[in-house]
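Residue-level structure breakdown
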Amino acid sequence: MRWTLKPEPSKEKIAKLAFDLQVDATIAKILLQRNIETFEEAKKYFRPSLADIHNPFLMKDMDLAVARIETAILNNENILVFGDYDVDGTTAVSLVSSYLKTIHPNIATYIPDRYAEGYGVSYMGIDFAHDNDFSLIIALDCGIKAIDKIAYAKEKNIDFIICDHHKPGKEIPKAVAVLNAKRDDCTYPFDELCGCGVGFKLIQALGVSRNQTIEDFVPYLDLVATAIAADIVPMNGENRVLAYFGLQVINQKPRNGIQAIIHQIKKKELTITDVVFIIAPRINAAGRMKHGNYAVELLTEMDLDAAIEFAAAIEIFNADRKDLDKKITEEALIQIIDNEEENRFSSVVFQEDWHKGVIGIVASRLIEKYYRPTLVFTKSGDKLAASARSVKGFDVYNALLECEEFIEQFGGHKYAAGLTLAPENYENFKNKFEEVVERTIDKKLLTPEIAIDAEIELSEITPKFFRIIQQMAPFGPMNMKPTFTSTCVRDNGYGKKVGKEQTHLKLNVFQGDNKKTYNAIGFNLGDKMEFVQDDFDIAYSLDENEWNGFKSIQLLLKDLK
């Protein structure tokens, strides 16, 4: 692990902000590192407001999208709500379709089959729309590169509205409206919405002529918060406001589908981390193991008992998914060793019978072992399909652009992408990708980094300090939970390895003459027990531990040395 201390703001700025907010210098420093420099900015940060959600008509083509939907309603047209099969896509389809059903009866949903159709807008989906008399398709979380498919739909007299957040190519599809804040010609104030977030802007805009205010749309924010968490988009700006209020909905009055997923959980209050690790994988499991339609049906189910039945079926999919991704990860690791590729700059693996639904998870698992850009391929029809994942600081999308000559199609983000290619191009692609990564990656990015906000004394960790840190949630990219370091700490002698396989570390640490001990847990740090015999330094975040109804502050160790 590389420990990197974030740059220190000026002492004058720290002192001024600490005085203005009546907080200690460490809190002021952390806020300044997040570009919060004034009392007003801090107020906006700590007290998100629905008033901070932007006017949807600031997004290019929003007026065209709304006008086309209003025409469809007036003419009693059939509208098909189409979306990708991952969490962002299925939540977006659930959100837009459930709102449209409140204003128009002729609404249906369509999630492409991961195996038969692949990612994004599909010819099969357009043919389905044509055969069933749909004259308007609203595509969510996909479509920004579907130039040919939109043209094909036009030949069949089907209009498209695209709501996407992926990087546009050189050409924008000739749809009726293309809602994407990443368009060069779009001046919307925030360009990091997820696909479900763009869908939310669309229904918000449709509500304007119906005298609906932002308060009327708050019940939909449980879906938006789930998508923001799952799609790992920046947790700042408008996303942070949407996630903040969405978490409140999840904890107070979630829709039946989400309630069915969490009803067995003992936790009273879910955080964004719980959404990432509890809610999102179960929604994803439907699309990975069976079909994304299951997720949409769960998330739009009006009857709680029926939703609980759906959730039970999805729970089985999720258990199967875990078994499968563990098995495939083991096979992929063996392949890397057999091919003598442990010391490369990238991991590219392929086996034709690997389940397409879990290759993205497997890519992430391989990064845990070999920290470098990774692609996992499987057979998909007569093509090979891959999921790409990257390491912090390296743009895998740009690396794939350099390998375009061997790729049939691809799309995605800086840290995650998907692609297809012809089997005969696999070896050439693999070699080219390795060459591009070796040439362009900063070698220090191949070692995982712990970005540390501040060095503090353990005595600074007071209930008030912890309370303020908690109020900085929801956490995510661009607003990560603060990480601290404390030096020359000691264990009180009762430190031990814990867990079924003794893989975790449980310590009680103190510092200097202050004999107050702090409970610390280090997941997967059992092999660091040898460092605990003497003074050592720790990198950690703060967490709340609840045991027998008693809550206490706990150090969540990230590393020690």
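A short tour of the structure in this document, coming up.

Analysis parameters
- Residues numbered from 1 in each chain as written.
- Predicted model: local features only at pLDDT ≥ 70, side-chain atom pairs only at ≥ 80, totals over all residues.
- Heavy atoms only, no water.
- Helix = DSSP H or I, 4+ residues; strand = E, 2+ residues; numbered from the N terminus.
- Rg over C-alpha atoms; globule rule 2.2 N^0.38 Å.
- Contact = heavy atoms within 4.5 Å.
- Areas by Shrake-Rupley, 256 points an atom, 1.4 Å probe, with all protein chains shown as cover.
- Lys, Arg positive; Asp, Glu negative; His and termini not counted.
- Charge placed at Lys NZ, Arg CZ, Asp CG, Glu CD.
- Pairing = 2+ DSSP bridges.
- Axes fitted to C-alpha atoms, helices over the stretch in contact; angles between N-to-C directions.
- Phe/Tyr/Trp six-rings, centres within 6.5 Å; stacked < 30°, edge-to-face > 60°.
- Buried < 20%, exposed > 50% of the residue type's maximum accessible area, 1.4 Å probe, protein only.
- Lys NZ or Arg CZ within 6 Å of the ring centre and 35° of its normal.
- Parallel < 35°, antiparallel > 145°, perpendicular 65-115°, else oblique.
- Left-handed = near helix turned anticlockwise from the far one by under 90°.
- Nonpolar A, V, L, I, M, F, W, Y, C, P; charged D, E, K, R; others polar.
- Salt bridge = Lys/Arg side-chain N within 4 Å of Asp/Glu carboxyl O.

What about the overall build of the protein?
- Helices and strands together make up the secondary structure of the protein, namely 18 helices and 19 strands.
- On C-alpha atoms alone, the protein measures out to a radius of gyration of 25 Å, which is about the 24 Å that the 2.2 N^0.38 rule sets for 561 residues.
- Dimensions of the protein, computed from C-alpha atoms along their principal axes, come out at roughly 80 × 60 × 50 Å.
- Relative to all contacts within the protein whose residues are 6 or more apart in sequence, the contacts with residues 24 or more apart total 66%.
- About 25,600 Å² of surface is accessible on the protein, with carbon and sulfur atoms providing 51% of the total.
- The average position of the 67 basic charges and that of the 84 acidic charges among the side chains of the protein differ by 4 Å.

A word on unusual backbone geometry
- The step from Ala 473 to Pro 474 runs through a cis peptide bond, and the omega angle for that step is 5°.
- By the element assignment, Pro 474 lies in the loop between α18 (463-470) and β14 (484-491).
- Positioned with a positive phi, Asn 211 is a non-glycine residue whose angle comes to about 60°.
- Mapped onto the secondary structure, Asn 211 falls in the loop between α8 (195-208) and α9 (221-231).

Notes on the sheet that holds strand β10 (residues 409-412)
- Taken in spatial order, the 5 strands make up an open sheet running β7-β8-β9-β11-β10, and their pairing is mixed. Every other strand in the sheet has two partners, leaving β7 (347-350) and β10 as the edge strands with one partner each. Pairwise comparison of adjacent strand axes, ignoring direction, gives a mean angle of 15° for this sheet.
- Two elements, β10 and strand β11 (residues 416-421), share 4 bridges in a ladder whose sense is antiparallel. Counterpart to Gly 412 in the pairing with β11 is Ala 417.

Remarks on the packing of aromatic side chains
- The full count for this structure, using the stated rule, is 19 aromatic pairs.
- Taking the centre distance of 5.1 Å and the plane angle of 80° together, the rings of Tyr 45 and Phe 46 count as edge-to-face. Comparing Tyr 45 with Phe 46, the two get one shared label, buried.
- For the ring pair Phe 217 and Tyr 220, a centre distance of 6.1 Å and an interplane angle of 35° mean the geometry is tilted.
- When its relative accessible area of 1% is taken as the criterion, Phe 217 is described as buried.
- By relative accessible area, Tyr 220 is classed as buried at 12%.
- Here the aromatic cluster, defined as three or more aromatic residues joined through ring pairs, consists of Phe 350, Phe 377, Tyr 426, Phe 429 and Phe 433.
- Positioned above the aromatic ring of Tyr 370 is the side chain of Lys 369, whose terminal nitrogen or guanidinium carbon lies 6.0 Å from the ring centre.
- Over the ring of Trp 3 we find Lys 561; its NZ or CZ atom is 4.2 Å from the centre of that ring.

Describing the sheet that holds strand β5 (residues 159-163)
- Here we have 5 strands laid out as an open sheet, ordered β3-β2-β4-β5-β6, and parallel in their pairing. Taken across any chain shown, the strands that pair with only one partner, and hence form the sheet edges, are β3 (107-110) and β6 (177-179). Each neighbouring strand pair of the sheet contributes to a mean axis angle of 20°, computed without reference to strand direction.
- Of the strand pairs in this sheet, β5 and β6 are connected by 3 bridges, and their pairing is parallel. Bridge pairing links Cys 163 to Leu 179 in β6.
- Across the face of the sheet, helix α4 (residues 62-74) comes into contact with β2 (78-83), β4 (134-140), β5 and β6 while running at roughly 145° to β4.
- Taken strand by strand, helix α6 (residues 123-131) contacts β2, β3, β4 and β5, and its axis lies near 165° from that of β2.

Topic: the pairing of β14
- Across 2 bridges, the pairing between strand β13 (residues 454-455) and β14 is parallel. If you follow Ala 454 over to β14, its bridge partner there is Phe 484.
- Here β14 pairs with strand β18 (residues 536-547) via 4 bridges, running antiparallel. Note on β18: the bridge partner recorded for Phe 484 is Tyr 540.
- Where β14 and strand β16 (residues 504-511) come together, 3 bridges link them in antiparallel fashion. Across the sheet, the residue bridging to Val 489 is Gln 511, located in β16.

Overview of the packing of helix α5 (residues 87-100) against helix α13 (residues 292-300)
- Running from N to C, α5 and α13 cross one another at 45°; their axes reach a closest spacing of 9 Å. Comparing the axis directions of α5 and α13 gives the class oblique. With respect to the hand of their crossing, α5 and α13 are arranged in right-handed fashion. When α5 is examined against α13, the residues Thr 90, Thr 91, Val 93, Ser 94, Ser 97 and Ser 98 are found in contact with a partner set consisting of Gly 292, Ala 295, Val 296, Leu 299 and Thr 300.
- Taken together, the residues of the contact of α5 with α13 break down into 4 nonpolar, 7 polar and no charged.

Some words on the pairing of β18
- By the bridge criterion, 10 bridges tie β18 to strand β19 (residues 550-560) in an arrangement that is antiparallel. Paired with Tyr 540 across the two strands is Leu 557, which belongs to β19.
- Once β18 ends, the chain turns through 2 residues before running back antiparallel as β19, passing Asn 548 with a positive phi of about 50°.

Overview of the pattern of salt bridges
- Under the defined criterion, the tally for this structure stands at 34 salt bridges.
- For Lys 327, the salt bridge is made with Glu 331, and the minimal N-O distance between the two is 3.1 Å. Of this pair, Lys 327 and Glu 331 are both found in helix α14 (residues 304-338), 4 residues apart, which corresponds to roughly one turn of the helix.
- Overall, the relative accessible area of 24% leaves Glu 331 in the partly exposed class.
- In the salt-bridge network here, residues are joined through shared partners; they are Arg 321, Asp 325, Arg 365 and Glu 368.

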